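So the chains spell out like this:
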Amino acid sequence: LGWADHPARRGGVWALIHALTCGLVFVIAARLGAGVWAAAAAAVLFAVHPIHAESVWALAGRGAAMALMFLLSALLAQLRGRPWLAAGLFLAACWCRETSVFGALPLAALELARRHGDARSFLRRLEPVATVVLLVIAFVAQNARYRQLIDYSARGRPFAWSVAGQVEAVPHGLSLYFRPAALSIDHGERLAHSFAAPLFWLGAATLLSFVALLVWAIMRRRALVAVGAGLVLAAIVPTQTLIAKLDPLTERPFAAPLSVWNQKRLPW
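Residues numbered from 1 in each chain as written. Predicted model: local features only at pLDDT ≥ 70, side-chain atom pairs only at ≥ 80, totals over all residues. Heavy atoms only, no water.

### A closer look at the overall build of the protein
- Summing up its helical and strand segments, the protein has 13 helices and zero strands in all.
- Listed N to C, the secondary structure of the protein is α-α-α-α-α-α-α-α-α-α-α-α-α in terms of helices and strands.
- Here the protein has a C-alpha radius of gyration of 18 Å; the compact-globule value for 268 residues is 18 Å, and the two agree.
- A principal-axis box enclosing the C-alpha atoms of the protein has dimensions of 50 × 45 × 40 Å.
- Partitioning the intrachain contacts of the protein with sequence separation of at least 6 by distance along the chain shows that 72% fall at a separation of at least 24. (Helix = DSSP H or I, 4+ residues; strand = E, 2+ residues; numbered from the N terminus. Rg over C-alpha atoms; globule rule 2.2 N^0.38 Å. Contact = heavy atoms within 4.5 Å.)

Put into structure tokens, the structure is as follows:
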């Protein structure tokens, strides 16, 4: 747009993207049965919570903001029975942020919880999304830059040390919803980086709880809860489990799950 030297205009664009995301939170929550007033409250809380600040104003967070907008758009398209449109929007989310490929989880959870038709029709509805997943994996695998990044992340520090610290960071990240004063560009949390640490087991139990919630919601056909749990796992699992990264705790992966708690009408 030629606005490289106009930070106020650029900020306006990213504020607009955040506003569109908030609108999607409202529409999806309402269509999944949360009720109009609960959906409106969810969208307002999503709009004003400080955990989203870095995604709006920081250059490093804007890919995450765009990815979330496209992923929620894909969910809405899938909900309305337009799988190919959903796949296109899902591809756009992956183009903005590669870890968005895990967004296939809430898309699949939506279809599993609704269970319209037989198994063949279910696979047909998810075929476009599965195609995008395969394309993204193939692109990452053949791209030299990504291979170098993966190699650096895997060998730059002990793998087990990184994984233990990232799982330990899960309770810290989720606690930011309740203590926004602790938000920071560099948390510097003191982590044991040990599988024997109590905080590691708390983080592992938290992740397993979301998996159990996802399975329960699918079995009980609770689409709202299934999509919510799927979104949490899609946002956290790529960066807080087996993919090593420099900082065990960064805020951006924990920003997306806030929409989940809102949709489930929980107070946080």
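### Overview of empty space enclosed by the protein
- Tallied over the entire structure, the rule returns two cavities of 30 Å³ or more.
- By volume, the second largest cavity is sized at about 30 Å³.
- Every residue along the wall of the second largest cavity is listed here: I28, L32, L75, L79, L110 and V227. (1 Å grid on protein atoms, 1.4 Å probe; cavity = no way out; pocket = protein on both sides within 12 Å on 5 of 7 lines; lining within 4 Å. Points joined across faces, edges and corners; volume = space filled by probe spheres on them.)

### Here we look at the confidence of the model for the protein
- Scored by pLDDT, the protein has a mean of 85; 91% of the residues are at 70 or more.
- Helix α13 (residues 258-263) is the least confidently modelled element of the protein, averaging 60 in pLDDT, while helix α5 (residues 83-96) averages 95, the highest of any element. (pLDDT = per-residue confidence, 0-100.)

### Looking at the nonpolar core
- Within the largest apolar cluster, 66 residues are counted, with the highest numbers of intra-cluster contacts made by L32, L72, L75 and F90.
- If you tally residues by element for this core, the top one is helix α11 (residues 223-240), at 11 residues.
- Core analysis: the next-biggest nonpolar cluster, separate from the first, contains six residues, V163, A164, F200 and A204 among them. (Core = buried A, V, L, I, M, F, W, Y, C linked by side-chain atoms within 4.5 Å. Buried < 20%, exposed > 50% of the residue type's maximum accessible area, 1.4 Å probe, protein only.)

### Remarks on the packing of aromatic side chains
- Taken as a whole and assessed by the stated rule, the structure comprises three aromatic pairs.
- Seen from their ring centres, W95 and F139 are 6.3 Å apart, and the 35° between their planes marks the pair as tilted. With W95 in helix α5 and F139 in helix α7 (residues 119-142), the pair connects residues that are 44 residues apart, well separated along the chain.
- Using a relative accessible area of 69% as the deciding quantity, one classes W95 as exposed.
- By relative accessible area, which is 35% here, F139 ends up partly exposed.
- Geometrically, the ring pair formed by F195 and F200 is edge-to-face, given 5.0 Å between the ring centres and 85° between the ring planes. (Phe/Tyr/Trp six-rings, centres within 6.5 Å; stacked < 30°, edge-to-face > 60°.)

### Considering the pattern of salt bridges
- Scanning the model with the defined rule gives two salt bridges in all.
- One salt bridge in this structure joins E111 and R114, with 3.1 Å as the shortest N-O distance. Within this pair, E111 and its partner R114 are both found in helix α6 (residues 104-114), separated by three residues, close to a single helical turn.
- The exposure class assigned to E111 is buried, which follows from its relative accessible area of 1%.
- Look at R114 and you get buried, because its relative accessible area is 17%.
- Of the charged contacts in the structure, one is a salt bridge between R125 and E111, with a shortest N-O distance of 2.7 Å. Of the two residues, R125 sits in helix α7 while E111 sits in helix α6, which places them 14 residues apart along the sequence. Assigned by exposure class, R125 and E111 land together as buried.
- Here the salt bridges do not stand alone but share partners, grouping E111, R114 and R125 into one network. (Salt bridge = Lys/Arg side-chain N within 4 Å of Asp/Glu carboxyl O.)

### Focus: the packing of helix α9 (residues 159-175) against helix α10 (residues 198-219)
- α10 packs onto α9 with a crossing angle of 70° between their chain directions and a minimal axis gap of 7 Å. In terms of orientation, α9 lies roughly perpendicular with respect to α10. Contacts from A164, V167, E168, V170, P171, H172 and L174 of α9 reach α10 at L199, F200, L202, G203, A204, T206 and F210.
- Split into classes, the residues belonging to the contact of α9 with α10 amount to 10 nonpolar, three polar and one charged. (Axes fitted to C-alpha atoms, helices over the stretch in contact; angles between N-to-C directions. Parallel < 35°, antiparallel > 145°, perpendicular 65-115°, else oblique. Nonpolar A, V, L, I, M, F, W, Y, C, P; charged D, E, K, R; others polar.)

### Overview of the layout of surface pockets
- The space that makes up the second largest pocket amounts to roughly 150 Å³.
- Taken together, L91, C94, W95, E98, L135, V136, F139, V140 and Y146 make up the full set of residues lining the second largest pocket.
- Those elements that place two or more of their residues in the lining of the second largest pocket are α5 and α7.
- The biggest single contributor to the lining of the second largest pocket is α7, with four residues.
- Per-class residue counts for the lining of the second largest pocket are eight nonpolar, no polar and one charged.

### Quick notes on the side chain of Q78
- Residue position: Q78 is located in helix α4 (residues 62-79).
- Accessibility expressed as a relative area gives 2% for Q78, which makes it buried.
- Here the side chain of Q78 touches E111 through a polar contact of 2.9 Å, side chain to side chain.
- Beyond its immediate chain neighbours, meaning those up to four positions away, Q78 contacts P83, A86, L107, L110, E111, R114, R125, L126 and V129. (Polar contact = N/O pair within 3.5 Å; in protein donor to acceptor, adjacent residues only side chain to side chain.)

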